[in-house]
Amino acid sequence: MAQDLAQDLTGRAPNALVGNSAPGGVIVVKIGGGSDPQRVLDEVAELAAAGRPTVLVHGGGAVADRLSEQLGVERQVIRSPDGTHSRRTDEAMLDVITLALLGRVKPQLVGGLRLRGARAVGLSGADGALLTATRKPALRSVQDGRTVLIRDDRSGRIEHVDPTPVRAVLDRGDVPVVSPPASDTAGNLLNVDADEAAARLAEALGASALVLLTDVCGVLADPDDPSTRIAEVGPQHLTGDVVRGRMRHKVRAGLRASRTVQQVAIGSAHQHRPIQQALSGTGTWLREGERGERNE
Ligand SMILES: Nc1ncnc2c1ncn2[C@@H]1O[C@H](COP(=O)(O)OP(=O)(O)O)[C@@H](O)[C@H]1O
Ligand SMILES: CC(=O)N[C@@H](CCC(=O)OP(=O)(O)O)C(=O)O
């Protein structure tokens, strides 16, 4: 069955795809913290068993929110003038996000893959200089109609990706499970968005596909109505305010990756074989420019 799956996704025999040097062979899958990972783990384990090099990147914003409440660390939101929002990451919140992602979410995913017979290896963005970021010097936040500047935030912009540790894990036939935070060149941790991390890693690996799995079926024209899925999204969809909040980060990151990654899609994590579903067009394709017909 696993063999069929790898063939379905690529049209090529799985053996031709073993090892990440196979042209366009790597799939980078990202799962957000608000989604139940069980279906995703089932399919990632199937792909690994079929020899398809697959990287699982995860977020965990929702888990960090719950942990901050448990620990009594106040959660604040930075509302940027362009309609995106992100976590205010002071020192205490950086600890919370690190504990949540590396201490709660990642072990659940690595353990879940092990239970399914796949050997998974956890890596954070700070391991092996995988994700190097620079601290954002000043963030604009709209508060009560006024824009204020926040200068001491511990979130960063990813400047450099060194995929060597991820390749080493793939070359052993194992599944890398990658998470924020990143670090700066001095080794200080910096909070980075998991969609951006996945997109940048997909670019650096020369991946053939990037699948961003979340708690909705794709980008919706009306975020409150699941029947309004948009089949393909381009930069023009960012000009209005339809794509709001954190979905905007996802779309931006995916569009950027689509310059070099052949297939970039957003889809629901909560369906049977969510990766295959998204890559067969049941979610939203992200495509920055005209590159002729897709090879679907
Ligand atoms: N146009 C839109 N289409 C779909 N979802 C949207 C849209 N605008 C905002 N959203 C919100 O984005 C959320 C998904 O982003 P996010 O919560 O960051 O997911 P994840 O944790 O999986 O990364 C959806 O649950 C939805 O509330
Ligand atoms: C800078 C920034 O926004 N970092 C994110 C990292 C986790 C994440 O991205 O989790 P999801 O994929 O579940 O949203 C955060 O603090 O929530």
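In this text, all values refer to a predicted model and were calculated from it rather than measured experimentally.

Thresholds, definitions, all that
- Residue positions are given per chain, counting from 1 as you read along its sequence in written order.
- In the order they appear in the text, chains get letters beginning with A and ligands get numbers beginning with 1.
- Where local features are concerned, this predicted model is filtered to residues with pLDDT of at least 70; where side-chain atom pairs are given and counted, the filter is 80 or more; whole-chain, interface and lining totals use all residues.
- To obtain the side-chain values, all non-hydrogen atoms of the structure were included, while hydrogens and water were left out.
- By convention in this text, a residue qualifies as near a molecule or strand provided that one of its non-hydrogen atoms is within 4 Å of it.
- Between N or O atoms, a polar contact is any pair within 3.5 Å; within protein, one atom must be a potential hydrogen donor and the other a potential acceptor, and residues adjacent in sequence are included only when both atoms are from side chains.
- Each accessible area is a Shrake-Rupley estimate made with a 1.4 Å probe; only the visible protein chains count as cover when residues are assessed.
- The helix and strand labels rest on DSSP assignments: H or I over at least four residues marks a helix, E over at least two residues marks a strand, and numbering proceeds from the N terminus.
- Classes in brief: Ala, Val, Leu, Ile, Met, Phe, Trp, Tyr, Cys and Pro nonpolar; Asp, Glu, Lys and Arg charged; the others, Gly included, polar.
- Each salt bridge in this description consists of a side-chain nitrogen of Lys or Arg and a carboxyl oxygen of Asp or Glu lying within 4 Å of one another.
- Burial here depends on accessible area, computed with a 1.4 Å probe over protein chains only, as a share of the maximum for the residue type. Under 20% is buried, over 50% is exposed, and the range in between is partly exposed.
- Note on pairing: two strands pair once DSSP finds at least 2 bridges between them.
- Residue contacts are counted whenever heavy atoms from the two residues lie within 4.5 Å of one another.
- Lines fitted to the C-alpha atoms define the axes, with helices restricted to the stretch that makes contact. Angles between their N-to-C directions range from 0 to 180 degrees.
- Residue count minus one, scaled by 1.5 Å, sets the expected span of a helix.
- In these notes, a set of buried Ala, Val, Leu, Ile, Met, Phe, Trp, Tyr and Cys residues joined through side-chain atoms within 4.5 Å is what counts as a nonpolar core.

Colleague: Mind laying out the site of ligand 1, listing which residues take part and the relevant values?
Modeller: If you check the shell around ligand 1, you find 18 residues, and the closest are Lys30, Thr214, Asp215, Leu220 and Lys250. Interatomic distance of 2.7 Å between a side-chain N/O atom of Thr214 and an oxygen atom of ligand 1. Relative to its unbound accessible area of 570 Å², ligand 1 is 79% covered by the protein chains. If one sorts the elements of the shell around ligand 1 by residue count, helix α7 (residues 245-257) sits on top with 3 residues. Each residue belonging to the shell around ligand 1 can be placed in one class, and the counts come to 7 nonpolar, 5 polar and 6 charged.

Colleague: Got a sec to walk through the pattern of salt bridges? Specific residues and values, please.
Modeller: Applying the stated criterion across every chain yields a total of 15 salt bridges. Between Arg154 and Glu91 there is a salt bridge, and its shortest N-O distance comes to 3.6 Å. A residue pair is termed long-range when its members are at least 10 positions apart, and Arg154 in the loop between β8 (146-150) and β9 (156-161) and Glu91 in helix α4 (residues 91-115) qualify at 63 residues. Residue classification places Arg154 among the buried positions, given a relative accessible area of 19%.

Colleague: Got a sec to walk through the sheet that holds strand β15 (residues 263-268)? Specific residues and values, please.
Modeller: Read from one edge to the other, the open sheet built from 8 strands follows the order β5-β10-β2-β1-β13-β15-β16-β14, with strand pairing classed as mixed. With one partner strand each, in any of the chains shown, β5 (120-124) and β14 (232-233) form the two edges of the open sheet. Summarising the sheet, strand β1 (residues 27-31) and strand β13 (residues 209-214) pair through 5 bridges and their orientation is parallel. Looking at β13, one finds that Val29 is bridged to Val211. Each of β1, β2 (54-58), β10 (175-179) and β13 is contacted by helix α2 (residues 38-49), which is oriented at about 155° to β2, the strand it contacts most. Contacting β2, β5 and β10, helix α5 (residues 164-171) runs over the sheet at an angle of about 155° to β10.

Colleague: Tell me what's going on with the side chain of Ser183, and back it up with residues and numbers.
Modeller: Its place among the elements puts Ser183 in strand β11 (residues 182-183). If near-sequence neighbours (up to four positions away) are discounted, Ser183 is found in contact with Gly125, Ala126, Leu131, Thr132, Ala133, Asn188, Leu189 and Leu190.

Colleague: Account for helix α6 (residues 194-205), naming residues and giving values.
Modeller: Between its first and last C-alpha, α6 extends 16 Å over 12 residues, near the 16 Å set by a 1.5 Å rise per residue. Counting buried positions along α6 yields 9 of 12 residues, so the element is predominantly enclosed. Its side-chain oxygen at 3.3 Å from the backbone nitrogen of Asp195, Asp193 defines the N-terminal cap of α6. Phi turns positive, to about 65°, at Gly206, one or two residues after α6.

Colleague: Requested: an account of the nonpolar core, with residues and values cited.
Modeller: One finds Val28, Val55, Val166, Leu201, Leu210 and Val251 to be the most contacted residues of the largest nonpolar core, which totals 40 residues. Non-local contacts of Val166, meaning those with residues more than four positions away in its chain, are made with Val55, Leu123, Leu130, Pro176, Val178, Leu201 and Leu205. Counting residues in each nonpolar core, the second largest holds 36 residues, with Ile27, Val63, Ala120 and Ala209 among its members.

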